[in-house]
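# Results of the structural survey
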Amino acid sequence: MLLVENLKVVYRGVILALQGVSLRVGEKEAVALLGPNGAGKSSLVRAVAGLLPKFEGRVLDGHIQFLDQDTTHAPPERVSALGLTAVLEGRPLFRYLTPVENLLAAGHRLKGRELKEGIEEVFARFPRLYERRNEQAGYLSGGEQQMLLLGMALLTRPRLLVVDEPSLGLAPKLVEEVMRTLDGLRREKGLSLLLVEQNARAALSLVERVYVLEQGRVVFEGSREEAEKDQDVMEFYLGKEVVGFRQAKRYRRRKRWV
Ligand SMILES: Nc1ncnc2c1ncn2[C@@H]1O[C@H](COP(=O)(O)OP(=O)(O)OP(=O)(O)O)[C@@H](O)[C@H]1O
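We now turn to the structure provided with this report. (Residues numbered from 1 in each chain as written. Predicted model: local features only at pLDDT ≥ 70, side-chain atom pairs only at ≥ 80, totals over all residues.)

### A short note on the overall build of the protein chain
- When its secondary structure is counted, the protein chain shows 11 helices and 10 strands.
- For a compact globule of 258 residues, the expected C-alpha radius of gyration is about 18 Å, and the protein chain comes in at 18 Å, within 12% of that figure.
- Considering only C-alpha atoms, the protein chain reaches an extent of 60 × 40 × 30 Å along its principal axes.
- Expressed as a percentage of its 258 residues, the buried residues of the protein chain come to 39%.
- A separation threshold of at least 6 residues defines the contact pool for the protein chain, and within that pool the share at least 24 residues apart is 66%. (Helix = DSSP H or I, 4+ residues; strand = E, 2+ residues; numbered from the N terminus. Rg over C-alpha atoms; globule rule 2.2 N^0.38 Å. Buried ≥ 20, exposed ≤ 12 C-beta atoms within 10 Å, placed from the backbone. Contact = placed C-beta atoms within 7 Å.)

Below is the structure:
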């Protein structure tokens with residue numbers, strides 16, 4: 001469904017954020033992209049969603065294919081019309097508008113009746129949003145804003161949902177709720193999911209395959225089970241073993257992933 005090959009991304013012509021990344025997401029598959037701050041996760045999201053130019057970035061080399069179409073340099077409207085919806089990091093919604101208005105904006109491609117039913121479905125799925133439907137979205141809690149963003153994404157009728165760090169800044173209980181919601185959505189709707197996360201534990205609870213990105217390169221690729229068995233992934237991303245900072249730095253120097 002989504003195929004990324006040897007992707008190189010550069011910002012302002014000089015900052016190389018991705019240095020030859022390849023990954024794929026299959027039909028109805030859920031895949032996690034993990035990695036620390038600055039690894040290039042958001043750059044990959046922007047690239048597949050056609051949003052790099054908005055961040056002064058561009059694809060320097062490599063290919064992106066979505067549903068057998070070359071979308072390497074496609075504008076966001078075309079990618080979105082094909083069925084790839086990205087929920088960006090930082091909860092980008094219209095803060096001064098209400099949830100209803102945000103949903104109306106997100107569903108602008110739907111016809112009257114379809115839009116009405118779509119919004120009703122979102123409210124049925126997220127009753128808390130319905131209760132707060134006429135308040136300013138900026139005043140919703142982080143978890144409610146995340147639910148609103150997922151509701152907005154649903155109204156674009158996606159086939160692949162790319163979600164960038166939905167757990168960021170949320171309390172553990174809410175993280176669990178967001179992950180459960182994502183899992184439910186993708187199963188019910190038969191969606192594919194690319195879940196970008198720093199919170200590896202949360203992400204691993206709902207995916208079949210895992211990529212780990214570090215400094216713009218894929219340093220691990222495998223099934224969830226393989227990720228759980230991999231000592232490096234477990235230590236650095238799941239914190240299974242308590243590794244002190246000094247120890248971790250020494251270990252990092254010793255062990256360099258390609
Ligand atoms: N708009 C931009 N202009 C210049 N450099 C950028 C821009 N966006 C990202 N970068 C740089 O590209 C590299 C990768 O950043 P990116 O945001 O993709 O990483 P990330 O893994 O998503 O990190 P985080 O988890 O902190 O969001 C970093 O060195 C970052 O400073």
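There's plenty left to go through after this.
### A short note on the environment of F66
- For F66, the position within the fold is in strand β4 (residues 57-66).
- Among the residues examined, F66 registers 24 C-beta atoms within 10 Å and is labelled buried.
- The sequence separation of F66 and R91 amounts to 25 residues, and the corresponding C-alpha distance is 25 Å.
- In this structure F66 touches L2, T71, V79, L82 and L84, once residues within four positions along its chain are discounted.

### Regarding the sheet that holds strand β8 (residues 192-197)
- Judged by pairing direction, the sheet is mixed, and its six strands sit side by side in the order β6-β7-β8-β3-β9-β10 without closing on themselves. Both outer strands of the open sheet, β6 (84-87) and β10 (217-223), are each paired with one neighbouring strand and no more. Across the sheet, the axes of successive neighbouring strands diverge by a mean angle of 15°, strand direction being ignored.
- Here strand β9 (residues 209-214) pairs with β10 via six bridges, running antiparallel. Looking at β10, one finds that L213 is bridged to V218.
- Most of the contacts of helix α1 (residues 41-48) go to strand β7 (residues 160-164), to which it runs at about 150°, and overall it touches β3 (30-34), β6, β7, β8 and β9.
- Most of the contacts of helix α7 (residues 172-189) go to β8, to which it runs at about 160°, and overall it touches β3, β7 and β8. (Pairing = 2+ DSSP bridges. Axes fitted to C-alpha atoms, helices over the stretch in contact; angles between N-to-C directions.)

### Section: the pairing of β8
- Most of β8 is tucked away: six of the six residues are buried.
- Burial of the side chains of β8 extends over both faces: S192, L194 and V196 are buried on one face and L193, L195 and E197 on the other.
- One ladder, built from five bridges, connects β7 with β8; its direction is parallel. Following the sheet pairing, V162 is matched in β8 by L194.
- Crossover β7 to β8 through α7 is right-handed. (Right-handed = clockwise from strand over helix to strand, strands pointing away.)

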